[in-house]
Structure formats: C-alpha cells, structure tokens
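Topology and contacts: notes
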Amino acid sequence: MNINHKKIFFTLSIFILLFIIIFPSNNIVFAKEENNDVQSSAKAMYLFDANSGRELYKKNSDEKLAMASTTKICTAITVLENYNDDLDKKIEVPSEAVGLEGTSMYIKHGELLSVRELLYGLMLPSGNDAGKALSIIVAGSEDEFAKLMNETAKKAGAENSNFMNAHGLDTEGHYTTAKDLALITAYALKNDDFVNIVSTKNVVIEKTNKYETRYFKNKNKLLFDFDDCIGVKTGFTDNAGRCLVTATNSDNLKLVCVVLNCPDMFEESSRLIKKAKNEYTAYKIIDKENCIDTINVLNGKSNTIRVCPIEDFIYPLTQEEYNNIEIKTNYPQEVKAPINVKDKIGNIEVFVKDCLIFSTDICSIDSVKSLAIKDLLDEIISNWS
C-alpha cells in the first residue's frame, strides 16, 4: 500500500468512526445481537421473545423455504379472524375436502362438523382435509382463502411469505421464512381461541352423522415436555423436511421458536428454548405504577404534582446486559398551572452500554387548576406581610 492509499484509508476510517459516534442508532444494538447466528441442525431457525419483540437467535432466518403443515398456523388464525358465525354451529363439510392426500381427520361426504371441531382436526392430527374444508367454508374456495392468508401474514409483519393453500402440501410459490413464521405465530397467539386449540394435548370429537367418535392427540411432543409450552405446530413433507414451531410462556418471556428443515426438530427446539431461558431473564426495568418524583407547581391551587412513566418496560436481557443498564430522566423541577392528568412533563430513557433500548414519556398523574386572580393577589400580599 503506497502513502496516498494509506492516507485515503486513514481518512475513510476516521470518517466512519465519527459517523458512528455522531449518529448512533436508536435500535437495539447489543454485541450479542450483532452476531446472534447460532449453530443449529435446522436449515433455518428463528427464536424471539414475542412480548418484547427481541430477537435472540437466528440462522438463515430470511431464507424462503417450504414450511409443510406449519402453514396451518396461518390457516387457523385466518379462519378465526374471518369466520363470522358461531364456531360451534354444525356445518355440512364440502365434498371437495374428502380424500385429500397426507395426514387427515377423515372427513366424510355430508358429515356435519363445527368450525371449532375442524380447527382441532387441523391443528392436532394435522388434517389436510380439515384445512381444505375450512378454506372453502370461510372463503368459498381455496384460492380466495389463500388471499386472506396472505393478508393475515402482512398484518403480522411477515414480508417474505406467500401462501397458496391452507394445508401446507408442497406447491410451487408456497413458502415462508423462519422469521416470518415466528411473527405470524406471535400474532396468532394473541387470539384466545387459537391458544386454546394449539395448547390442547388431547381432544375428543363426538360421534357425527357419518363417523364414530374421534380421539386426537397433539403431535407436538414438546407440549408434553415443557410445563409452559403453549403449542404450536409440527410439519413434514419430502420437500420441506421436518418443521416445528414451538411457543412457551412463563416469567414474562413468551418464546417463539421456529425450525425449518430440521431432522431432529424436537430435540433442537428443546435445546434452543432451554438455551434462551438459561441466558435471558425478562426484567421489569420501568414500572408505570412507581412515581419517579414530586415536582413543584407555580400559580396552582396545589403546590406539587406526582410524575410517572406512562408505560411499563419489561425486556429480556443477559445478566451482563442488565448489569450495564443506565436509566436517564429528563423533566423540569417545576411547572406552571394548569396541569391535567396525563400531561407530558418529560421523558425517560433506558440504555445498555450506551445503546438506547427504550424511551417513553413521563406524565403527571395529578391535575392542578390555576389560581384565580384574587387568589394570586392574596398570595402576593401574604408573601409580603
């Protein structure tokens, strides 16, 4: 390298350093997250905390891949959001759903089943026929239902997915990513009916006009291995390989783990979840119920107000990160009346190693009216006497 090249390199390095110092990112930029790819037997994986949105581990998380029956996560939440009748109302299932290849709940032509029963058949034994039936019941056709699924995915924040069917059998143009599937799952887990279904270990579908009593056991064995597991779905095709989405919910951590094309999907998902629980704790860093301070009020019928943050902040951190937390508050020591409840007084910020990870307003939890002119005059005279 000649002298001129050295000068250029040195100048460019100084410029980059200054840019970083002057324009720090307001996103979470912990060292662990800058390089949070982990070794995994899955072709793609993603694990994050659905409560906070913090990404914990990933591998090829934006690669578009087939996802087999984990498709049915999007199917189920799309049904629950778009079916406008009673979930327990009996419906004659469409003949087009009978005899679909792959896993089945063995629907019969002319059989009367409810949407809720079909959803159990969809999510526990992974009935492809249930998926086909639900798509026709809700949207009139599988193609129209796939459009609704793609709308659901977009609402969940999934940007690199495309759904072509409700069951997950390999179809050209039918794909998602590990990250997208995690986001769709987190979105679905906000629905109580969805959670009740996917967290069910065993269910009985009573005898119908066409079939004897059905007994279904959930295929997700981690539901039986983790006390805090709340589902959600297994999947397999020759093209997609073994796929699994798992969610656990305890101690303010709602972990969603996705592994795609993973030969040991149960063991690998279990390892990753245990790793996350071991390394991260959800700390309540800001409590909106705890007042930060009492500050003075000028020209008011009361002399002080109490100020508090307007929202809680609970966040998963490693012990090292938690030890490096810095909380900064910015608000005046006195304000002028009138003051209303929820008036913004200042703000509070949370940093970890100089990285801003949270900011919210500090507001008054009291109201104070201004003194009338007579009251002001009386106060002035009182202060002079």
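Below, the structure is looked at part by part. (Residues numbered from 1 in each chain as written. Predicted model: local features only at pLDDT ≥ 70, side-chain atom pairs only at ≥ 80, totals over all residues. Heavy atoms only, no water.)

On to the packing of helix α5 (residues 128-139) against helix α6 (residues 142-155), then. Running from amino to carboxyl end, α5 crosses α6 at an angle of 85°, the nearest separation of the two axes being 8 Å. Here α6 runs roughly perpendicular to α5, going by the angle between their axes. Each of Lys132, Ser135, Val138 and Ala139 in α5 lies in contact with α6, whose residues at this interface are Glu142, Glu144, Phe145 and Leu148. When the residues that make up the contact of α5 with α6 are grouped by side-chain class, the tally is four nonpolar, one polar and three charged. (Axes fitted to C-alpha atoms, helices over the stretch in contact; angles between N-to-C directions. Helix = DSSP H or I, 4+ residues; strand = E, 2+ residues; numbered from the N terminus. Parallel < 35°, antiparallel > 145°, perpendicular 65-115°, else oblique. Contact = heavy atoms within 4.5 Å. Nonpolar A, V, L, I, M, F, W, Y, C, P; charged D, E, K, R; others polar.)

Looking now at the sheet that holds strand β9 (residues 253-260). What the five strands build is an open sheet, ordered β2-β1-β9-β8-β7; its pairing is antiparallel. Edge positions in the sheet fall to β2 (55-59) and β7 (229-237), since each has one partner strand and no second. Across the sheet, the axes of successive neighbouring strands diverge by a mean angle of 5°, strand direction being ignored. In this structure, strand β1 (residues 44-49) lies alongside β9, joined through six bridges in antiparallel fashion. (Pairing = 2+ DSSP bridges.)

Moving on to the pattern of salt bridges. In the structure shown here, the tally under the stated rule is 20 salt bridges. One salt bridge in this structure joins Arg271 and Glu268, with 2.9 Å as the shortest N-O distance. Note that Arg271 and Glu268 are positioned in helix α10 (residues 265-279) at a spacing of three residues, about one turn of the helix. When its relative accessible area of 37% is taken as the criterion, Arg271 is described as partly exposed. Beyond isolated ion pairs, a larger network of salt bridges with shared partners links Asp88, Arg116 and Asp193. (Salt bridge = Lys/Arg side-chain N within 4 Å of Asp/Glu carboxyl O. Buried < 20%, exposed > 50% of the residue type's maximum accessible area, 1.4 Å probe, protein only.)

What follows is about the environment of Gly241. Of note, Gly241 is situated in strand β8 (residues 241-250). Given the relative accessible area of 10%, Gly241 is considered buried. Contact partners of Gly241, with chain neighbours within four places excluded, come to Gly235, Phe236 and Asn261.

Time to look at unusual backbone geometry. A cis amide bond, omega 20°, links Gly231 with the succeeding residue Val232. Within the secondary structure layout, Val232 lies in strand β7. Geometrically, the link from Ala337 to Pro338 is a cis peptide bond, its omega value of 5° lying close to zero. The residue Pro338 is located in the loop between β15 (334-336) and β16 (344-352) in this model. Despite not being glycine, Ser126 shows a phi value in the positive range, around 70°. Checked against the element boundaries, Ser126 lands in the loop between α4 (115-123) and α5. One non-glycine residue, Asp354, lies in positive phi territory at about 70°. Along the chain, Asp354 turns up in the loop between β16 and β17 (355-364).

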